[in-house]
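Take a look at the letters that make up each chain.
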Amino acid sequence: QLSHSARATFARHKLQFIIGFTVAFILLLFIANPTKTYRRFLTRPVTEPPEVYKETLSQPKVPPPTYASLRKWEENLPQHDLNLPFPEGKTGRYVKFSNQIVMLGWNNVFNEVLMNAHLAYASKRSYVFQDYVWKPEYYPWPENQRLQNPPRTPLGALIGGSVIGGPFDEGDDAPRSVSEKYFDKVCPWHERRFFKTGDVKPELAWKNGDEIFDHWSKLLRDAPERCIEIQASGDDKFPQTFDLWLWGSDRVLPLWDSFSKSPTSRLLTTSPIVGAAVKRNEYLFLPRGPRPTYPVSPDPYTRMLAMHIRRGDFKGACTHLATWNSTFYSWNLMPQLPDRLIFPPNIVWNTTEYFEAHAERCLPDMDLIIRKAKDSRDDYAKASPGRRRALDIMYLLTNDKGEWMDQLRAALRKDGWNTIVTSNDLELDSEGVDTNMAIDMEIARKAAVFVGNGVSDSTYDLPNVLTQVACSGRRSRATSTTDVSLTVKSL
């Protein structure tokens, strides 16, 4: 038994004994299984980051945007008035493409949005623009922070121009685009005529893009109903008006001439949100390194090469595309562009040699990227005989934040690129994070040279955006819209 003295000592120091024992017990648990013990003693459970960020374990440091001001602007568009005269108002003619792609990457959606708007214009109907609906795993914020499910971004946050309700050319009386919300008001359900894609598309299968376009245009022009809604139907896995089978083949190319000259393309602009984000980060492009010994422009974009470097999930995508013998996508197939995807006759599909050759064009390794950048710089210099032009600023459109990207940047610096900025270096607010893919595209559009990936959706939309330069009277820039491959080409 404890002596009287020991019992008295324990009584006086009872609290210290209990604290000491508890601390010792926790330390033993940490030594035995530190990770499990750490999680057990957290006041809130540890959740895994969203799938899109598993490579970098990062999340935005700002909450998702509400777009309250943009929503108000959209709601108050002047064409949202039932009392306007024909071809707008309650007697106007409208078309909504409910078969439009949702929950895919932005550039998959962007291509189709533009062509649908072009079709609506040619059909003398108001185009009904809709929010961009995210594929949930692509959304930057985790599920517990989302304001909607699935997440949405107003189309006007990503692009500007007639597509999202802006005016047409002076003297053009075409009906302006309207929002989905206004369409529900001006075209109540019982006043709509529904075109089912299963009733229209079968006879158009495998026809050229211009024939498909003309067929739909006649259908929409000849329909006497004010309100048309096109809906998906049947067993078609790609029920869009202009579907994957069209965009993934050269059958789409006959559409380029009419589309590139259309108001949809000519009046396409950068959204104010995207433009502000680009402007905010332009200080990053101030040139570093030695000053050139010859006169150079103070405009950093005239000295910039933008290069699209996709990594991460794109390795699996490249293998999948090679399995389907996929070629370049959409406008990247235009014959006037450099570096076309043409394999030698001895490389046969579905062989080891074919997969290796396709991977070089879809997922080029570091050495090929460095060589392409150097060749592009040389080609840019050769394109202006008698005048020296600097190309010493590089912008990398990339989803890679790891060690591989650090190694690439180091190797590029050794090759003379003193100023290198990546997508991950940009300082973005919540609206900038939400529209980061459009911000990347805008910087690439402004660059003197663009090296893209011809099988990637982010690259195949660059010709859409680059038409802004060609059609606005601005000076022509040297560009390439096919990756793997690139070179210098003036549009």
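This is a predicted model, so every value here is computed, not measured. (Residues numbered from 1 in each chain as written. Predicted model: local features only at pLDDT ≥ 70, side-chain atom pairs only at ≥ 80, totals over all residues. Heavy atoms only, no water.)

Enquirer: If you had to explain the packing of aromatic side chains to someone new, which residues and values would you point to?
Expert: In the structure shown here, the tally under the stated rule is 18 aromatic pairs. The ring centre of Tyr 380 lies 3.8 Å from the NZ or CZ of Arg 389, which sits over that ring. Directly above the ring of Tyr 301 sits Lys 446, whose terminal nitrogen or CZ lies 4.6 Å from the centroid. (Phe/Tyr/Trp six-rings, centres within 6.5 Å; stacked < 30°, edge-to-face > 60°. Lys NZ or Arg CZ within 6 Å of the ring centre and 35° of its normal.)

Enquirer: Any details on the sheet that holds strand E8 (residues 227-231)? Residues and values, ideally.
Expert: The parallel open sheet is built from five strands, whose spatial order is E6-E2-E1-E8-E7. The outermost strands of the open sheet, each flanked by one partner alone, are strand E6 (178-179) and strand E7 (192-196). With respect to the sheet, helix H5 (residues 106-122) is in contact with strand E1 (94-97) and strand E2 (126-129), its orientation differing from that of E2 by roughly 155°. On the sheet, helix H9 (residues 209-222) packs against E1, E7 and E8 and is oriented at approximately 145° with respect to E8. (Pairing = 2+ DSSP bridges. Helix = DSSP H or I, 4+ residues; strand = E, 2+ residues; numbered from the N terminus. Contact = heavy atoms within 4.5 Å. Axes fitted to C-alpha atoms, helices over the stretch in contact; angles between N-to-C directions.)

Enquirer: Describe in detail the packing of helix H13 (residues 272-280) against helix H19 (residues 436-446), supporting the description with residues and values.
Expert: Taken N-terminus to C-terminus, the directions of H13 and H19 make an angle of 65°; their axes are 9 Å apart at the nearest point. Comparing their axes, H19 and H13 come out roughly perpendicular. As H13 packs across H19, the resulting crossing turns out to be right-handed. Counted together, Val 274, Ala 277 and Val 278 of H13 and Ala 438, Ile 439, Glu 442, Ile 443 and Lys 446 of H19 form the full contact between these two elements. Considered class by class, the residues forming the contact of H13 with H19 number six nonpolar, no polar and two charged. (Parallel < 35°, antiparallel > 145°, perpendicular 65-115°, else oblique. Left-handed = near helix turned anticlockwise from the far one by under 90°. Nonpolar A, V, L, I, M, F, W, Y, C, P; charged D, E, K, R; others polar.)

Enquirer: I'd love a proper account of the sheet that holds strand E13 (residues 449-451), names of residues and values included.
Expert: Spatially, the four strands line up as an open sheet ordered E12-E11-E10-E13, and their pairing is parallel. Whereas interior strands pair on both sides, the edge strands pair on one side only; in this sheet they are strand E12 (419-422) and E13. Looking at each pair of strands side by side, their axes are set apart by 20° on average, direction ignored. Pairing between strand E10 (residues 304-309) and E13: three bridges, direction parallel. The residue of E13 that forms the bridge with Leu 305 is Val 449. Sitting on the sheet, H19 is in contact with E10, strand E11 (393-398) and E13, with an inclination near 150° to E11.

Enquirer: Go over the nonpolar core with me, naming the residues and quoting the values.
Expert: In this structure, Trp 106, Ile 159, Trp 331 and Ile 443 are the most contacted members of the largest nonpolar core, which totals 72 residues. With nine residues, the single largest contributor to this core is H5. Trp 106 has contacts with Tyr 132, Leu 155, Leu 158, Ile 159, Met 437 and Met 441, leaving out every residue within four places of it along the chain. Core analysis: the next-biggest nonpolar cluster, separate from the first, contains 19 residues, Met 307, Ala 373, Leu 396 and Met 405 among them. (Core = buried A, V, L, I, M, F, W, Y, C linked by side-chain atoms within 4.5 Å. Buried < 20%, exposed > 50% of the residue type's maximum accessible area, 1.4 Å probe, protein only.)

Enquirer: Go over the environment of Ser 249 with me, naming the residues and quoting the values.
Expert: Its place among the elements puts Ser 249 in the loop between helix H10 (244-247) and helix H11 (256-261). Taking the C-alpha atoms as reference points, Ser 249 and Ser 326, separated by 77 residues in sequence, lie 8.8 Å from one another.

Enquirer: Please set out the pattern of salt bridges residue by residue, giving values where relevant.
Expert: Tallying each qualifying case throughout the model produces 22 salt bridges. When salt bridges with common partners are traced through the structure, they connect Arg 71, Glu 74 and Asp 131 into a single cluster. (Salt bridge = Lys/Arg side-chain N within 4 Å of Asp/Glu carboxyl O.)

Enquirer: Run through the confidence of the model for the protein chain, naming residues and quoting values.
Expert: Averaged over all residues, the pLDDT of the protein chain is 82; the fraction at 70 or higher stands at 78%. Within the model, the stretch residues 463-491 combines pLDDT values under 50 with 117 contacts to residues more than four positions away or in other chains. (pLDDT = per-residue confidence, 0-100.)

Enquirer: Residues and numbers for helix H16 (residues 366-382), please.
Expert: Its 17 residues give H16 an end-to-end C-alpha distance of 25 Å, which sits within 8% of 24 Å, the value for a rise of 1.5 Å per residue. By the N-cap criterion, in which a side-chain oxygen at the helix start approaches the backbone nitrogen of a residue two or three places on, H16 is capped by Asp 365, the distance to Asp 367 being 3.3 Å. (Expected span 1.5 Å × (residues − 1). Polar contact = N/O pair within 3.5 Å; in protein donor to acceptor, adjacent residues only side chain to side chain.)

Enquirer: Kindly report on the packing of H5 against H9, identifying the contributing residues and their values.
Expert: Two elements in contact, H5 and H9, have axes whose closest approach is 9 Å; the angle formed by their N-to-C orientations is 50°. Here H5 is positioned oblique relative to H9, judged by the angle of their axes. The two elements H5 and H9 meet at a crossing, and its hand is right-handed. Along its contact with H5, which presents Met 115, His 118, Leu 119 and Ala 122, the element H9 presents Phe 213, Trp 216, Ser 217, Leu 220 and Arg 221. Split into classes, the residues belonging to the contact of H5 with H9 amount to six nonpolar, two polar and one charged.

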